[in-house]
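Residue-level structure breakdown
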Amino acid sequence: MSMEQILRRKEPLLYLVTHEEGRAEASIQAYCERQAPPLPLFRWSSTRGLEKVQRGVVEGVKVPEHNDPRVQAQAPLVPVLNYIVNAFEHDGIFLLRDVHHYLREASGFNPAVALTIRALREAFYELRALRKARKMILLSCEAVVPADLENEVRIFDFPLPTKDELAATVRTMNQKAAAIRDRDKDFVHQVSDENAFVNQMVNSALGLTQAEVEFIMENMLYADRRLDDDSPRRATREKQQIIRKSGVLEFIPAEDMENLEVGGMDVMLEWLKRRKYVFLNEVKARESGIRHVPRGVLLLGISGCGKSLVCKSIAHEWGLPLLRLDMGAIFDKYVGASEGRIRKALSVAESVSPCILWLDELEKGFSTSQGGDGGTSQRVLGTFLVWMQEKKAAVFIAATANDVSCLPPELLRSGRFDNRFFVGCPGNKARAEIFRIHLRANGLNREDFDMTELVKESFGYTGAEIEQSVIDSVYDSYYESRGAATADITRNLRRNRPLVKSLGSQMARILQMLDEGRMELASADTVSVADLVDRFKIQVK
């Protein structure tokens, strides 16, 4: 939603979440000046008080102090809100900064927070009842909405900069670099093709705020003292660190996904190859009559069978950036903060598009067992489902889940994902291929090993367990100053109990979904779940 659409809403109280105060204020001021007649913009902060901003002129507004000095010191918004609603002569938009500090409820009763909440509620209802042309915008870097304000406040995220805005910033910095080079012969400015350079820098900067992009490029100019054709790669590395600071998203660069080999999973890889052709040729596909671009895929199954590897492989094969969303890190104790985190993460993914969004271990965020959280998990799920249904950006979702029994039915229904694959224990041919991959990766010659014996002994083991058995054998043989042998691997396999033995009721749910045709086997060469239950005497009831 654009700022124009947000500001045209009729609610007298809006909550705008952003780290970019300056850009947000400039956007609001531009909206005010486009109105006929122009609307005045008023801004408040705890340090500068209330100010009127119009056509670049800033004028202080005297607000009477509260008669209780404790209220004035601990809840400074209270007299400001009372003044705006009851005593102020002008209509307009009121931008109130850093409000989250005055709404954060610690353990126990906080009179200052209670007064601020009450003042905001009264301001909301009085402005709505009197139909005054005054709109209050709470501007903060995070959404903190106490339960008392849930029905009065609408939360919006300030949009990240567009490609055109980023391109303008990059061109400005490139011009600065040229000017520095004219003054300083030691400065390195080697941009072979400006248009190509701008496009590469914009792609590297997608998902960042305007301030973050300027910070990265200013460091290149004044700290690194160079701007060249390698700058986009350095910017990507900087972006990786910035996105990681959010604690929710992780940007995984292309070089971290090289030399990936996926053993087995022929059915799913063929399905992905066909979706790749449509996803990467969206315009042409729509011209051919295709209405829906692929949304994503859900990988269900046993931990260690390669679901995460497949997600990385999709990004590598499709040549797209990969964003990993940690579902367990979304939740926060404050009302509205969790929804704010998921919205911000999805906004970043949209701005980076086309990209792959890897939702790792869905059950950590959308488990049906997460009761007693005040409905937070349901609101986060609702936010995500609406985004999945309405998204226009080219974001392909690769979601993984280990425990399918914990996932809510609305997430598994047909139409949410383009397909659901079960990634189970690899069959005979797949296990042989996995052994060959890891033997080669550890510098071992597969001709020195009895593949038939290894395949027989590894029935029911996951790809990760097979990999670990090879690694353990390399350690053992190195310690004993000899080469690794088949007997080392089989010994390590027998020493470690396969995970599938302990799955119990989860296997019953998997069996049910497979029988009902609600998910497809990722590989034709997959050990039957029924065979695993029978072989290992797994209790599924």
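You'll find the structure just up there.
The following refers to the structure shown. (Residues numbered from 1 in each chain as written. Predicted model: local features only at pLDDT ≥ 70, side-chain atom pairs only at ≥ 80, totals over all residues. Heavy atoms only, no water.)

**Examining the packing of aromatic side chains**
Filter applied, for reference: Side-chain rings of Phe, Tyr and Trp, where Trp is taken by its six-membered ring, are said to pair if the distance between their centres is within 6.5 Å; with planes under 30 degrees apart they count as stacked, over 60 as edge-to-face, and otherwise as tilted. Strands are runs of DSSP state E lasting at least 2 residues, helices are runs of H or I lasting at least 4, and numbering of each runs from the N terminus. When a residue's accessible area, from a 1.4 Å probe over protein chains only, is under 20% of the maximum for its type it is buried; when over 50% it is exposed; and in between it is partly exposed. By definition here, charges over rings are those cases where NZ of Lys or CZ of Arg is within 6 Å of the ring centre and within 35 degrees of the ring normal.
Applying the stated rule across the entire model yields 10 aromatic pairs. When the centroid spacing of 5.5 Å and the interplanar angle of 40° are considered together, the rings of F279 and W318 count as tilted. Residue F279 is located in helix α11 (residues 266–279), and its partner W318 is located in helix α13 (residues 307–318); the two are separated by 39 residues in the primary sequence. For the pair shown, F279 and W318 are each scored as buried. Between W318 and F396, the ring centres sit 4.8 Å apart and the planes meet at 50°, which makes this aromatic pair tilted. With a gap of 78 residues between them, W318 in helix α13 and F396 in strand β14 (residues 395–401) connect regions that are remote in the sequence. No difference in accessibility class separates W318 from F396, as the two residues are buried. Taken together through their ring pairs, the aromatic side chains of F279, W318 and F396 make up a single cluster. The ring centre of W358 lies 5.7 Å from the NZ or CZ of R324, which sits over that ring. Taking the ring centre of W387 as reference, the NZ or CZ of K391 above it sits at 5.8 Å.

**Quick word on the side chain of T18**
For clarity, the threshold we go by: Two N or O atoms form a polar contact when they lie within 3.5 Å of each other; inside protein one atom must be a possible hydrogen donor and the other a possible acceptor, and for residues adjacent in sequence the pair counts only when both atoms belong to side chains. Contact between two residues is taken to exist if any of their heavy atoms lie within 4.5 Å; hydrogens are not considered.
Within the fold, T18 resides in the loop between β1 (13–17) and α2 (21–34). Within the structure, T18 has its side chain in polar contact with the backbone nitrogen of E20 (distance 2.9 Å). Every residue in contact with T18, bar those within four places of it in the chain, is listed here: A24, L139, S140, C141 and F158.

**Observations concerning helix α20 (residues 463–479)**
What counts, and what does not: For a helix, the expected span equals 1.5 Å multiplied by the number of residues minus one.
Taking 1.5 Å as the rise per residue, α20 with 17 residues should run 24 Å; its terminal C-alpha atoms sit 25 Å apart, in good agreement. G463, I466, S469, V470, I471, D472, S473 and S477 are the residues of α20 that are buried. In this structure, the buried side of α20 is in contact with α18 (428–441) and α21 (486–495).

**Observations regarding the pattern of salt bridges**
Rules: Salt bridges are identified by distance alone: a Lys or Arg side-chain nitrogen within 4 Å of an Asp or Glu carboxyl oxygen.
In this structure the tally under the stated criterion is 34 salt bridges. As a salt-bridge pair, R97 and E21 come within 3.7 Å of each other at their nearest N and O atoms. With a gap of 76 residues between them, R97 in strand β5 (residues 92–97) and E21 in helix α2 connect regions that are remote in the sequence. A residue is classified by how much of its surface remains accessible, and R97, at 15% relative accessible area, is buried. E21 gets classed as partly exposed once you look at its relative accessible area, which sits at 27%. In this structure, R234 and D228 form a salt bridge, with 3.3 Å as the shortest nitrogen-oxygen distance. R234 gets classed as buried once you look at its relative accessible area, which sits at 18%. Residue D228 is classed as buried on the basis of its relative accessible area, which comes to 6%.

**What to know about unusual backbone geometry**
In this structure, P37 follows A36 across a cis peptide bond, with omega equal to -5°. Tracing the backbone shows P37 in the loop between α2 and β2 (41–45). Each neighbour pair has its own omega, and for S353 with P354 the value is 0°, a cis peptide bond. Among the secondary structure elements, P354 is positioned in the loop between α14 (337–352) and β13 (355–360). Here D98, not a glycine, exhibits a phi torsion of approximately 55°, which is positive. Not every positive phi belongs to a glycine, and S481 is a case in point at roughly 55°. By the element assignment, S481 lies in the loop between α20 and α21.

**Some thoughts on the pairing of β14**
We count it as follows: A pair of strands is labelled paired if DSSP reports no fewer than 2 bridges between them.
Burial analysis of β14 places 7 of its 7 residues in the buried class, which makes it a mostly covered element. Residues V395, I397, A399 and A401 of β14 are buried on one face, and the alternating residues F396, A398 and T400, pointing to the opposite face, are buried as well. Relative to β14, strand β11 (residues 296–301) runs parallel, the two sharing 5 bridges. Of the residues in β14, the one forming a bridge with G296 is I397. Across 5 bridges, the pairing between β13 and β14 is parallel. Each residue of the ladder has a partner; that of L359, found in β14, is A399.

**Some thoughts on the sheet that holds β2**
Sheet strands line up and pair through hydrogen bonds in the backbone, either parallel or antiparallel. The condition is simple: To get an axis, fit a line to the C-alpha atoms, keeping to the stretch in contact for a helix; angles then go from 0 to 180 degrees between the N-to-C directions.
The 7 strands lie next to each other as β4-β3-β2-β5-β6-β1-β7, forming an open sheet whose pairing is mixed. A strand with exactly one partner marks an edge of an open sheet, and here the two such strands are β4 (57–61) and β7 (154–157). Ignoring strand direction, the axes of neighbouring strands in this sheet form an average angle of 25°. Across 4 bridges, β2 lies against β5 in parallel orientation. Bridge pairing in β5 places F42 opposite F94. Docked against the sheet, helix α6 (residues 111–130) engages β1 and β6 (134–140), running at close to 150° with respect to β6.

**So, the packing of helix α8 (residues 194–205) against helix α10 (residues 231–244)**
Under the convention used in this document: In these notes the angle categories are as follows: under 35 degrees is roughly parallel, over 145 is roughly antiparallel, 65 to 115 is roughly perpendicular, and the rest is oblique. Three classes are used: nonpolar for Ala, Val, Leu, Ile, Met, Phe, Trp, Tyr, Cys and Pro, charged for Asp, Glu, Lys and Arg, and polar for all others, with Gly counted as polar.
Contact geometry for α8 and α10: axes closest at 8 Å, N-to-C directions at 10°. With respect to α10, the element α8 is oriented roughly parallel. Contacts between α8 and α10 involve F197, Q200, M201, N203, S204 and A205 from the first element and S231, P232, A235, T236 and K239 from the second. Class assignment for the residues of the contact of α8 with α10 results in 5 nonpolar, 5 polar and 1 charged.

**What about the sheet that holds strand β12 (residues 322–326)?**
Spatial strand order, β10-β12-β13-β14-β11-β15-β16: 7 strands in an open sheet with mixed pairing. Lying at the two open borders of the sheet, with one neighbouring strand each, are β10 (249–252) and β16 (520–521). Here 5 bridges tie β12 to β13, and the two strands are oriented parallel to one another. Looking at β13, one finds that L322 is bridged to I356. With respect to the sheet, α14 is in contact with β10, β12, β13 and β14, its orientation differing from that of β12 by roughly 175°.

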